[in-house]
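The chain contents come next:
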Amino acid sequence: MPKTQETTWRAGRFWWEGAPAGPGPGSGCAVRGLVFDLDALTDIECDGHRVAYNAAFTTHGLDFQWSVPRYRQLLALTDERQRVAAELRKRCVATEADVLTKLLADEIYTTKTMLFDELILERDLSPRAGLVDFVMDAVGAGVQVAVVVNGQRGWAEPLVRQLVGEGLVEVVVAAEDIVKPMPDPEAHRHALWELGLSADDAFAVTGSASGLRAANSAGMPTLVITGEGTPDIPAAVAVRPDYGGADPLRLADCQRLHAGWSRSRKPTAA
């Protein structure tokens, strides 16, 4: 996302008032950048991809739809085509040995991808509870914000602005910027490069297992937003259902988690 004077607005400040100084060495603030996955901003899987898949099933003449609970079960399969193939076998539309299963799954995936690009900006998706307050808290403290998206910039940037607000996100890394999608850490590393930060200065927030693996592989401590429940995810520094609630997430919490993560990585004295 281009950094222009017109779009750089930080927690009530305008560009002509001067941007607040970011936390530097010795400031006591270890977190200088936040890197979000898109699914940490909104439930893009259930409210976006699932809806597009259901439309694709109809397009291909299939008389079933994915419910939210069923789709969440299928998210255990990281490959989208595998999810479709599993559903086709469950519905006896095809068998595991049937080569047509893979062909039909590929066709449905292709249709879904085209429909998703058309539908996503019409869905009027809502940010996760407490997200905007959390981002405002971080930006007000001079922390930079990036979002990584496994999708095209044409719909990704407008959606990020819709969810977070104008000018709060400095960097959006989209499919055009990378070669390998998550769980490869390339997108997260590219975001760090755009922000001018090292992994040690950043904190990642994700809403998926693939995002967690990617952020961890890029060297960042990672908080997981589950959307519902708080399952045990040992690789995460913390797990929350959302950003709000009785104990809303704040930048100070990320600093504390980051500090604990940093201490755990230091070799013990012999």
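Residues numbered from 1 in each chain as written. Predicted model: local features only at pLDDT ≥ 70, side-chain atom pairs only at ≥ 80, totals over all residues. Heavy atoms only, no water.

Going by an unreviewed UniProt entry, the chain carries the name HAD hydrolase-like protein and comes from Mycolicibacterium novocastrense.

Peer 1: Please set out the overall build of the chain residue by residue, giving values where relevant.
Peer 2: When helices and strands are tallied, the chain shows 10 helices and six strands. Going through the 270 residues of the chain one by one, you find that 45% of them count as buried. Counted over contacts in the chain with a minimum sequence separation of 6, partners at least 24 positions apart contribute 65%. Roughly 13100 Å² of accessible area belongs to the chain as shown, and the carbon and sulfur atoms make up 53% of that amount. (Helix = DSSP H or I, 4+ residues; strand = E, 2+ residues; numbered from the N terminus. Buried < 20%, exposed > 50% of the residue type's maximum accessible area, 1.4 Å probe, protein only. Contact = heavy atoms within 4.5 Å. Areas by Shrake-Rupley, 256 points an atom, 1.4 Å probe, with all protein chains shown as cover.)

Peer 1: Residues and numbers for unusual backbone geometry, please.
Peer 2: Of all residues except glycine, most have a negative phi; of all peptide bonds, most are trans. Cis geometry is found at the peptide bond from methionine 182 to proline 183, where omega equals 20°. Mapped onto the elements of the fold, proline 183 is located in the loop between strand 3 (171-173) and helix 8 (186-195). Of note, the phi angle at cysteine 92 is positive, near 60°, even though the residue is not glycine. Counting through the fold element by element, cysteine 92 comes out in the loop between helix 4 (80-90) and helix 5 (99-119).

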